[in-house]
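Each chain is listed here by its residues.
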Amino acid sequence: MSDGLRLMAVHAHPDDESSKGAAATAKYVADGVDVLVVSCTGGERGDVLNPSMQHDPKIERDLVAVRRQEMARAVEILGVRHTWLGFVDSGLPEGDPLPPLPEGCFALEPLEVATEALVRVIRSFRPHVITTYDELGGYPHPDHIMTHVVSVAAFQAAGDPAQFPHAGAPWQPQKVYYTGWSPDRLRGLHEAMLAEGLESPYAEWVQHLDKRPVRAIHTHVECADYFPVRDDALRAHATQVDPDGNWFKVPLELQRRVHPTEDYELAQSLVPVTLPENDLFAGLPEAGALDEVCRTAAARDSDGELVPVYRSPVPAQEDVVAAAEGSEDESAPEEVTQVEGHADGDDDADRSEVAS
Ligand SMILES: [Zn+2]
């Protein structure tokens, strides 16, 4: 049914593909869509967050190799294709004041260098749809923010023959999405856990949801059948995931009943759309005609910028800044790291679920 469709999911670190939109990608693979996961960095600065694997000299000696093996296993479980973009993990800076980012890391790469690398992958794989992170990176890790910036720049450039002419024939993906964290999902799961007499892992988080900018999350992909695949893929990142952590505390049956979708924000679409929608490919022409559309130069304004038919409303800059600052506020719980991962190296397993 979905033969000939191609989806590219751009992520910052190995393990992000298994914690953000993983069940949806597995569903699309099962539907016959060709899915390519791009990891911008190798996750070199991740910490070992599985208590049972900490201080293992065999792992500490070559964490990069271990993470590559873990990623290969996750890729196999999800059934996706995978490529490394080849940049170096920036790490999550800690301290007050924050230390400078390490030299040579992804977040410090010149934008045109990182963009050309991703444009090359786009022009080779020729995706019709791309997924990435929002302006905050989903949460303010420098590599996640850089992933957003580079993905949006590559979406702009890939179809333009004047940009990166040596990086392959122009190809214009028709939509770019941000993987979304739906407040409704968290509230729903939290309330359902309490109603069942279970301890909710989201209690503190839910109290602070209203401090996050409101995102236009109108795309809901039904993929509950693939929640177990998502969890298996996440467990494949064994050094990064505490198997007893919060991530796995909500029973799958409850997740399926309360919130059977993974959710996305449509950032830009070059084709007309009707929102809400339930498919990342909604509104696109049939596969054969679609390829022709992607090969054709899209409309641009006098500055050379694409003219999307739909563009997601961008939250006010002050809201984005406040959210970024709020996540560094000692008085606030680690609302974002708790669910999104990237706990930053201390040994508090409660806040560490998925890191890199
Ligand atoms: Zn990450």
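This text follows the structure it describes.
Residues numbered from 1 in each chain as written. Predicted model: local features only at pLDDT ≥ 70, side-chain atom pairs only at ≥ 80, totals over all residues.

### Regarding the overall build of the chain
Within the chain, the secondary structure is distributed over 13 helices and eight strands. Each of the 356 residues in the chain was classed as buried or not, and the buried ones make up 47%. In the chain, once contacts between residues fewer than 6 apart in sequence are set aside, the share between residues at least 24 apart is 79%. (Helix = DSSP H or I, 4+ residues; strand = E, 2+ residues; numbered from the N terminus. Buried ≥ 20, exposed ≤ 12 C-beta atoms within 10 Å, placed from the backbone. Contact = placed C-beta atoms within 7 Å.)

### Side note on helix H9 (residues 227-236)
For H9, the full list of buried residues reads Val229, Arg230, Asp231, Ala233, Leu234 and Ala236. Those residues of H9 that are buried are in contact with helix H1 (16-19), helix H2 (22-30) and helix H4 (63-78).

### Looking at the pairing of strand S2 (residues 34-41)
When you tally the buried positions in S2, you get seven out of eight residues, the bulk of the element. Note: strand S1 (residues 6-11) against S2, six bridges, orientation parallel. Bridge pairing links Ala9 to Val37 in S2. Where S2 and strand S3 (residues 81-87) come together, five bridges link them in parallel fashion. (Pairing = 2+ DSSP bridges.)

### Regarding unusual backbone geometry
At the junction of Asp96 and Pro97, the peptide bond is cis and its omega measures out at 0 degrees in the coordinates. In this structure, Pro97 sits in the loop between S3 and helix H5 (111-125). At the junction of Leu275 and Pro276, the peptide bond is cis and its omega measures out at 0 degrees in the coordinates. Mapped onto the fold, Pro276 is located in the loop between strand S7 (261-269) and helix H11 (287-295). Phi is positive for Asp15, which is not a glycine, with a value near 110 degrees. By the element assignment, Asp15 lies in the loop between S1 and H1. Of the residues examined, Asp15 has 31 C-beta atoms within 10 Å and is grouped as buried.

### Side note on the environment of Asp143
Turning to its location among the elements, Asp143 is positioned in helix H6 (residues 142-157). As a C-alpha pair, Asp143 and Val88 span 55 residues in sequence and 9.3 Å in three-dimensional space. If we ignore the near neighbours within four places in the chain, the residues touching Asp143 are Ala12, His13, Cys40, Thr41, Asp89, Ser90, Phe106 and Ala107.

### Some remarks on the pairing of S7
Judged by how many residues are buried, S7 sits mostly within the fold: eight of nine residues are covered. In terms of strand pairing, strand S5 (residues 175-179) meets S7 through five bridges, oriented antiparallel. The residue of S7 that forms the bridge with Val176 is Gln268. Two strands pair when backbone bridges link them, and strand S6 (residues 217-222) and S7 are joined in this way by five bridges, in the antiparallel orientation. Directly across from Val221, in S7, lies its bridge partner Glu262. The pairing of S7 with strand S8 (residues 310-311) spans two bridges and is antiparallel. Counterpart to Ser269 in the pairing with S8 is Tyr310.

### Regarding H6
For H6, spanning 16 residues, the distance from its first C-alpha to its last is 22 Å, which sits close to the expected 22 Å at 1.5 Å a residue. Counting buried residues along H6, 14 of its 16 residues qualify, which places the element largely inside the surrounding structure. (Expected span 1.5 Å × (residues − 1).)

### Concerning the packing of H4 against H9
One can describe the packing of H4 onto H9 by two numbers: an axis separation of 8 Å at closest approach and a directional angle of 170 degrees. Overall, the two elements H4 and H9 adopt an arrangement that is roughly antiparallel. Each of Glu70, Arg73, Ala74, Ile77 and Leu78 in H4 lies in contact with H9, whose residues at this interface are Val229, Asp232, Ala233 and Ala236. (Axes fitted to C-alpha atoms, helices over the stretch in contact; angles between N-to-C directions. Parallel < 35°, antiparallel > 145°, perpendicular 65-115°, else oblique.)

### So, the packing of H2 against H9
Two elements in contact, H2 and H9, have axes separated by 8 Å at closest approach and are oriented at 115 degrees. Crossing of H2 over H9 shows right-handed handedness. Of the residues in H9, those in contact with Ala22, Ala23 and Ala26 of H2 are Phe227, Val229, Arg230 and Ala233. When grouped by side-chain class, the residues that make up the contact of H2 with H9 number six nonpolar, no polar and one charged. (Left-handed = near helix turned anticlockwise from the far one by under 90°. Nonpolar A, V, L, I, M, F, W, Y, C, P; charged D, E, K, R; others polar.)

Geometry only, nothing functional implied.
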